[in-house]
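Results of the structural survey
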Amino acid sequence: MSRRLIVWRHGQTDWNVAGRLQGQTDTSLNETGHAQAAEMAARLATLSPTRIVSSDLERAASTAEKLATLVGLPVETDARLREVSFGEREGLTRREVRDRYPELEARFRRGEEIVSPGGESHADAAERFSAALREVTAVMESDETVVVVAHGAVIRVGICAFIGLPQEYWRSFGGFSNGCWAVLQEGFGRWQITEWNAGNLPVPEMSDDADSSDDGTRAREGDPDFGSRGATR
């Protein structure tokens, strides 16, 4: 049996519902988010994970605890698994971002790499996240399954960096819905993505500012940084 990584996005928060960029702002799960985490934890527990590593932000750590309770493992936290820092844009809806930072928004829409004032680049976030994954995998045994709990935007770019995908292709991968995960397994001498946004069904958008990955506009509009709420499952 090959080694397996499950990279799991946290459950829903009130800021997800409002379509607000969360970044490293320490928000908590709402009632739906707790239900999502509990349901998905029951599914992931059937994979018999041997280790759980989480971002230290509350919404991720609370999600991880649902699984930890079921399988009798501690939750290890690592600040490198935090969401991308969006600096001054955190707490804003997409409409507010468009109004306050029109030039930045225009550059982003052209496909340019942008950094929010006071924030970090996707490349820097991807490097810290992938470094954490490399440390996790360095000590994994041949048949182990490890669950890593984090955030939509950093999961997307961090996994791409971890498998060695050039940055120009990162936007080819869509965002994650709340409570969903990616599966990475070893095959042919390298790590491969075998599932992406698993556990998800299409979710209807509820407002112009609704999110779709963890922190940006709707994924269908091409911005994987605003996180999809996910449905109550």
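Quantities reported herein were computed from a predicted structural model and do not represent experimental measurements.

On a plain count of helices and strands, the protein comes out with seven helices and six strands. Beginning at the N terminus, the succession of helices and strands in the protein can be written as β-α-α-β-α-β-α-α-α-β-α-β-β. Counting across all 233 residues of the protein, residues that qualify as buried make up 54%. Looking at the protein as shown, the accessible area adds up to about 9,700 Å², and 49% of this sits on carbon and sulfur atoms.

What follows deals with the sheet that holds strand E2 (residues 51–54). Read across the sheet, six strands follow the order E3-E2-E4-E1-E5-E6 without closing on themselves; strand pairing throughout is mixed. In this open sheet, the two edge strands, each paired with only one partner strand, are strand E3 (75–77) and strand E6 (190–198). Strand-to-strand twist across the sheet, computed as the mean angle between neighbouring axes with direction ignored, equals 20°. Bridging between strand E5 (residues 181–187) and E6 involves six bridges; their strand directions are antiparallel.

Let's shift gears to unusual backbone geometry. Backbone geometry places Phe 188, a non-glycine residue, at a positive phi of 55°. Assignment of secondary structure puts Phe 188 in the loop between E5 and E6. For Phe 188, a relative accessible area of 85% translates into the label exposed. We note that Asn 197 has phi near 55°; this positive angle belongs to a residue other than glycine. For Asn 197, the position within the fold is in strand E6. Judged by its relative accessible area of 15%, Asn 197 is buried.

A separate point is the pairing of strand E1 (residues 4–9). With six of its six residues buried, E1 lies for the most part within the structure. Alternating positions in E1 separate into two faces, Arg 4, Ile 6 and Trp 8 on one and Leu 5, Val 7 and Arg 9 on the other, with burial throughout. Two strands pair when backbone bridges link them, and E1 and strand E4 (residues 145–150) are joined in this way by six bridges, in the parallel orientation. Within the sheet, the bridge partner assigned to Leu 5 lies in E4 and is Val 146.

A few words now on the pattern of salt bridges. For the structure shown, the criterion picks out 12 salt bridges. The salt bridge partner of Arg 94 is Glu 105, with a shortest N-O separation of 2.4 Å. Placement of the pair is Arg 94 in helix H4 (residues 94–100) and Glu 105 in helix H5 (residues 102–109), with a sequence separation of 11 residues. Grouping residues by exposure puts Arg 94 and Glu 105 together as buried. Residues joined in a network through salt bridges with shared partners are Asp 78, Arg 80 and Glu 135.

Our focus in this paragraph is the UniProt feature "active site" (unreviewed entry) in the protein. In the numbering used here, UniProt assigns the feature "active site" (unreviewed entry) to His 10 and Glu 83. Annotated residues spanning 74 residues; largest pairwise C-alpha distance 10.9 Å, indicating a single compact cluster. You can see His 10 is positioned in the loop between E1 and helix H1 (14–18). In this fold, Glu 83 is placed in the loop between E3 and H4. What makes Glu 83 buried here is its relative accessible area of 0%.

It is worth spelling out the UniProt feature "binding site: substrate" (unreviewed entry) in the protein at this point. According to UniProt, the feature "binding site: substrate" (unreviewed entry) maps to Arg 9, His 10, Gly 11, Gln 12, Thr 13, Asp 14, Trp 15, Asn 16, Arg 59, Arg 109 and Arg 110 in the numbering used here. Position of Arg 9 among the secondary structure elements: in strand E1. Take Arg 9: its relative accessible area is 0%, and that puts it in the buried class. Among the polar contacts listed, one links the side chain of Arg 9 to the backbone oxygen of Phe 176, at a separation of 2.8 Å.

Calculation criteria
- Residues numbered from 1 in each chain as written.
- Predicted model: local features only at pLDDT ≥ 70, side-chain atom pairs only at ≥ 80, totals over all residues.
- Heavy atoms only, no water.
- Helix = DSSP H or I, 4+ residues; strand = E, 2+ residues; numbered from the N terminus.
- Buried < 20%, exposed > 50% of the residue type's maximum accessible area, 1.4 Å probe, protein only.
- Areas by Shrake-Rupley, 256 points an atom, 1.4 Å probe, with all protein chains shown as cover.
- Pairing = 2+ DSSP bridges.
- Axes fitted to C-alpha atoms, helices over the stretch in contact; angles between N-to-C directions.
- Salt bridge = Lys/Arg side-chain N within 4 Å of Asp/Glu carboxyl O.
- UniProt positions renumbered as here; feature names shortened; annotations may be inferred.
- Polar contact = N/O pair within 3.5 Å; in protein donor to acceptor, adjacent residues only side chain to side chain.

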